[in-house]
Every structure is written in C-alpha cells, then in structure tokens.
Amino acid sequence: DSAECADADACVPGHVCSEGSCAPDLAACAADDLVGGVSAQEARLLPEMSITGLVACETNDDWFRVSQAQAFRVIARYDRGDAPIVLRLYAAEPQLGEPVDRSEPSAGEAVVNAVAGDYLLRVQAAAGAATGYSLELQTGIACVADPYDRPWRNDERAAAREVGYGRISGTVCAEDDDW
C-alpha cells in the first residue's frame, strides 16, 4: 500500500504525493544523477558505504562496478510497499555471461554476495515502476551465502533445498551446513 501524504516531503525518494498517496515518480528516473551508469560500460565504482537517494526505473537500469579483495555483500533497501527491485552481479568481463549471483524477490530488501574479485552490479526495477532505494556495500564477510541459501536457510534437513541434475556452485562454511 502507498503511504498517505499531504505533500512530497512525506514520501520516500523516488515518490511524489499524488491525490493524497505517495506514488512512484517516473520523472525522477531521468533526474537520478547518483546513478552508477546506464550501461555496463559506464558503471561507476561502488564505494564501501551506504548511498541513499537512488531511483531504480524499468526503462533505465543502474550499473555499478564492485572491486574487492575480500568477500562482500551488496544490500539494496527500499520501501516494502514498492515494487521489488532485482540485483544481478556479473563477473567484470568484456562479454557479460550468466550472473554470479541474483537477488531473490523480497519485500524491502535485495541482496547479492560474492568472493573477492571484480564485478558489475545491475539494479533493475519492476515493469512500470520507479523505486527509491539505497545501496550498501559490506566487506569482510566471513562466509558468503550462495544462491541455495536463499530465499530460505537450508542449514537443516527439514529445510533441504531441491536442486536439479548437473553441477551446482555453492559455498560450504563452518557452522553453516547445506542440505
């Protein structure tokens, strides 16, 4: 549900007050000057800190470069009432392949993890949406969660994750059994 408002100051970034309710501001997409870049080639380096005031738009993906010497996690936070955004993390190679990690749909938060290396982060909004969000880069992660640990924890037999045939790429950590 959209928040009620009297003016635009009552709405989160990426929203305007329209007829008493906060609604996505599609015009904000063109004015988002904090964006990392509109293509993989234009991606800016994501610093180790929180960045606020960003807007994800369906017609304009946001791209950031992540270069770390240790395991890391990127968290995008947005209003739970907004359309979800999706994070995709790619190896920084001339030709983009399959994502190394992809966030699972979740209300208010999207997360990707990776081991040390150079990556490109793609932020995508849902169709017809403009979602205000913040990004946080966390480093020094002791054990990076793999795609099989999300959207639920699979660290006990009762929560075993079903996988198909073929090779899977997962992470095994102390104190974190995978089933």
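The paragraphs below set out a description of the structure included in this document. Only a predicted model underlies this, so the values are computations on that prediction, with no experimental measurement involved. All residue numbers refer to position in the chain's written sequence, counted from 1. For this predicted model, a pLDDT threshold of at least 70 governs which residues receive local features, and a threshold of 80 or more governs which side-chain atom pairs are given and counted, while totals over whole chains, interfaces and linings are taken from all residues. Where side-chain values are given, they derive from all heavy atoms of the structure, hydrogens and water being excluded.

What to know about the sheet that holds strand 4 (residues 50-57)
One requirement defines pairing of two strands: DSSP has to find at least two bridges between them. Helix and strand assignments come from DSSP, with helices taken as H or I runs of at least 4 residues and strands as E runs of at least 2, each series counted from the N terminus. The sheet built from 4 strands is open, its strands ordered 4-11-6-9 with antiparallel pairing. Where the open sheet ends on each side, the last strands, each with one partner, are strand 4 and strand 9 (109-114). Taking the axes of each pair of neighbouring strands and ignoring which way they run, one obtains an average angle of 25 degrees across the sheet. Inspection of the sheet shows strand 6 (residues 72-78) paired to strand 11 (residues 130-139) by 7 bridges, in the antiparallel sense. The residue of strand 11 that forms the bridge with Arg 73 is Gln 138. Only C-alpha atoms enter the line fits that serve as axes; for helices the fit covers just the stretch in contact. Angles between N-to-C directions range over 0 to 180 degrees.

Focus on the environment of Gln 41
Inspection of the secondary structure assignment puts Gln 41 in the loop between helix 1 (28-31) and strand 3 (44-45). Along the chain, Gln 41 and Phe 64 lie 23 residues apart, while their C-alpha atoms are 9.6 Å from each other.

Here's the deal with the sheet that holds strand 8 (residues 101-102)
Within the open sheet, the 5 strands sit side by side as 3-5-10-7-8. Their pairing is mixed. In this open sheet, the two edge strands, each paired with only one partner strand, are strand 3 and strand 8. One ladder, built from 7 bridges, connects strand 5 (residues 62-68) with strand 10 (residues 117-125); its direction is antiparallel. Residue Val 66 lies in a different strand from strand 10, and its bridge partner there is Tyr 119.

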